[in-house]
Amino acid sequence: MDRPEVPGTAVPPPSERLVLRGREVGRDGRAVRPVVMAVLNRTTDSFYAPARVPDDAAALAAAERAWADGAEILDVGGVRAGNGAPVDEAEEIRRVVPFVGAVRRAVPDLLVSVDTWRAGVARAAIDAGADLINDTWAGHDPGLVEVAGAAGVGVVCSHTGGAVPRTDPYRVEYGLAAGAGDGRDGLVADVVATLRAAAERAVATGVPRESVLVDPTHDFGKNTWHSLHLLRRTEALAGLGFPLLMALSRKDFVGETLDLPPEERLEGTLAATAVAAWLGARVFRAHDVAATRRVLDLVAALRDEAPPAAALRGLA
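Residues numbered from 1 in each chain as written. Predicted model: local features only at pLDDT ≥ 70, side-chain atom pairs only at ≥ 80, totals over all residues. Heavy atoms only, no water.

Caption draft 1: Summary view of the overall build of the protein chain. Broken down by element type, the protein chain carries 10 helices and 12 strands. Its C-alpha atoms give the protein chain a radius of gyration of 19 Å, within 12% of the compact-globule value 20 Å for 316 residues. Its C-alpha atoms give the protein chain principal-axis dimensions of roughly 70 × 55 × 40 Å. Put simply, the protein chain has 316 residues, and 52% of those count as buried. Expressed as a percentage of contacts within the protein chain between residues at least 6 apart in sequence, the contacts between residues at least 24 apart total 70%. Carbon together with sulfur atoms contributes 54% to the accessible area of the protein chain, which is approximately 14600 Å² in total. (Helix = DSSP H or I, 4+ residues; strand = E, 2+ residues; numbered from the N terminus. Rg over C-alpha atoms; globule rule 2.2 N^0.38 Å. Buried < 20%, exposed > 50% of the residue type's maximum accessible area, 1.4 Å probe, protein only. Contact = heavy atoms within 4.5 Å. Areas by Shrake-Rupley, 256 points an atom, 1.4 Å probe, with all protein chains shown as cover.)

Shown next, in the form of structure tokens:
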């Protein structure tokens, strides 16, 4: 006798696998888990104080701790994303590039990403051993993706709605989606079209397809309503055909939703992380590595993509 179908049991499909320098990130034998990208800012003014690590020794210790806590990628930034003191290219290189080399030597299995929109910084970082360039400003420097392609390293393609580097959104609007069940999906359509075009250009320049990540880039060129809607539409972004990165950690949309400052946004971040992971996101940029790793491991088990670490109850 056929078993009756149980409604509501479908697991949303995952975004594509991520491969950097020939290594499938997140795979452990037959298990595939979402990936943690740890945040480390070589700045004194980033919005979340614990992520500011300008001191060399402290930064290297933070990188080692991130690896021990379960991060597979370290995202190193040299310039605050939002408004702040000017940082020219030479200073950004000084802050970031020698540190990339130090991490390569100290923690060779930890993949290194560099958060920059400048092609010159990307080139110097790749020469120092960077595996991934995180272009959070959506191709503002069109030469950046060409640098990544020539080197065959990974690149993150982002969406800012046309915003330029180091600007905050102001009264941003996206058109309504004609004929859609939810008019707010005009934003989703814009994000999907922008990311698809940027990702295909990256492939055309030489970046391996499985090394191109797409990031809807919550808060960049978006208000809180926009970021919340993108999160609930994660499944559409996961279907783009590229590994999906979510940078949700302690962001303003979490803080404004809960009316909390950056220091108190962990629970909201983890809730958003669990939703995005269930809906198929692959990589998570995070300030709180150990907590994020635990959430993602639980979601991977729920999705039946990885086994529990121990399953003894009722068996032993």
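Having seen the model, we can carry on.
Caption draft 2: Region of the structure containing the packing of helix α9 (residues 266-278) against helix α10 (residues 289-302). Their axes nearest at 10 Å, the elements α9 and α10 cross at an angle of 30 degrees. With respect to their mutual orientation, α9 and α10 come out roughly parallel. Here α9 and α10 pass one another in a crossing that is right-handed. On the side of α9, the interface is formed by Leu266, Leu270, Thr273, Ala274, Ala277 and Trp278, while α10 contributes Ala291, Thr292, Val295, Leu296, Val299 and Leu302. Partitioning the contact of α9 with α10 into residue classes produces 10 nonpolar, two polar and no charged. (Axes fitted to C-alpha atoms, helices over the stretch in contact; angles between N-to-C directions. Parallel < 35°, antiparallel > 145°, perpendicular 65-115°, else oblique. Left-handed = near helix turned anticlockwise from the far one by under 90°. Nonpolar A, V, L, I, M, F, W, Y, C, P; charged D, E, K, R; others polar.)

Caption draft 3: Quick peek at the nonpolar core. Formed by 66 residues in total, the largest nonpolar core has its most connected members in Leu74 and Val155. Ranked by residues supplied to this core, first place goes to helix α5 (residues 185-205) with seven residues. Those residues in contact with valine 155 that sit more than four places away from it in its chain are Leu132, Ile133, Leu144, Val145, Ala148, Ala202, Val207, Ser211, Val212 and Leu213. Membership of the second largest hydrophobic core comes to 12 residues, among which are Leu18, Val25, Leu213 and Val283. (Core = buried A, V, L, I, M, F, W, Y, C linked by side-chain atoms within 4.5 Å.)

Caption draft 4: Expanded view of the environment of glycine 152. Of note, glycine 152 is situated in the loop between α4 (143-151) and β9 (154-158). When its relative accessible area of 31% is taken as the criterion, glycine 152 is described as partly exposed. Separated by 67 residues in the primary sequence, glycine 152 and alanine 85 have C-alpha atoms spaced 33 Å apart. Once residues lying within four places of it in the same chain are set aside, the contact partners of glycine 152 are Gly206 and Pro208.

Caption draft 5: Spatial organisation of unusual backbone geometry. If you check the backbone angles, arginine 171 has positive phi at about 50 degrees while not being a glycine. Phi at aspartate 219 takes a positive value of approximately 80 degrees, unusual for a residue other than glycine. Position of aspartate 219 relative to the elements: it lies in the loop between β10 (212-215) and α6 (224-232). For aspartate 219, a relative accessible area of 14% corresponds to the buried category.

Caption draft 6: Seen up close, the side chain of arginine 285. Mapped onto the secondary structure, arginine 285 falls in strand β12 (residues 283-286). Within polar-contact distance, the side chain of arginine 285 engages the side chain of aspartate 75 at 2.7 Å. Among all residues touching arginine 285, those that are not within four sequence positions of it are Met37, Val39, Asn41, Asp75, Asp115, Asn134, Leu245, Met246, Ala247, Leu248 and Ser249. (Polar contact = N/O pair within 3.5 Å; in protein donor to acceptor, adjacent residues only side chain to side chain.)

Caption draft 7: Quick look at the pattern of salt bridges. Scanning the model with the defined rule gives 22 salt bridges in all. In this structure, the salt-bridge partner of arginine 285 is aspartate 115, at a minimum N-O distance of 3.6 Å. With arginine 285 in strand β12 and aspartate 115 in strand β7 (residues 111-115), this residue pair connects regions lying 170 residues apart in the sequence. Among the salt bridges present, the one from aspartate 252 reaches arginine 265, with a minimum N-O distance of 3.2 Å. Of this pair, aspartate 252 sits in helix α8 (residues 252-258) while arginine 265 sits in the loop between α8 and α9, and the two are 13 residues apart along the sequence. One salt-bridge network, in which partners are shared between bridges, spans Asp28, Arg33, Arg293 and Asp297. (Salt bridge = Lys/Arg side-chain N within 4 Å of Asp/Glu carboxyl O.)

Caption draft 8: Structural context of the sheet that holds β10. Read from one edge of the open sheet, eight strands run β10-β9-β8-β7-β6-β5-β12-β11, paired in parallel fashion. Two strands in the sheet have a free side with no partner beyond their single neighbour: β10 and β11 (245-247). Pairs of neighbouring strands in the sheet enclose a mean axial angle of 25 degrees, with direction left out of account. Here strand β8 (residues 132-134) runs beside β9; their pairing, made up of three bridges, is parallel. In the strand pairing of β9, leucine 132 is matched with glycine 154. (Pairing = 2+ DSSP bridges.)

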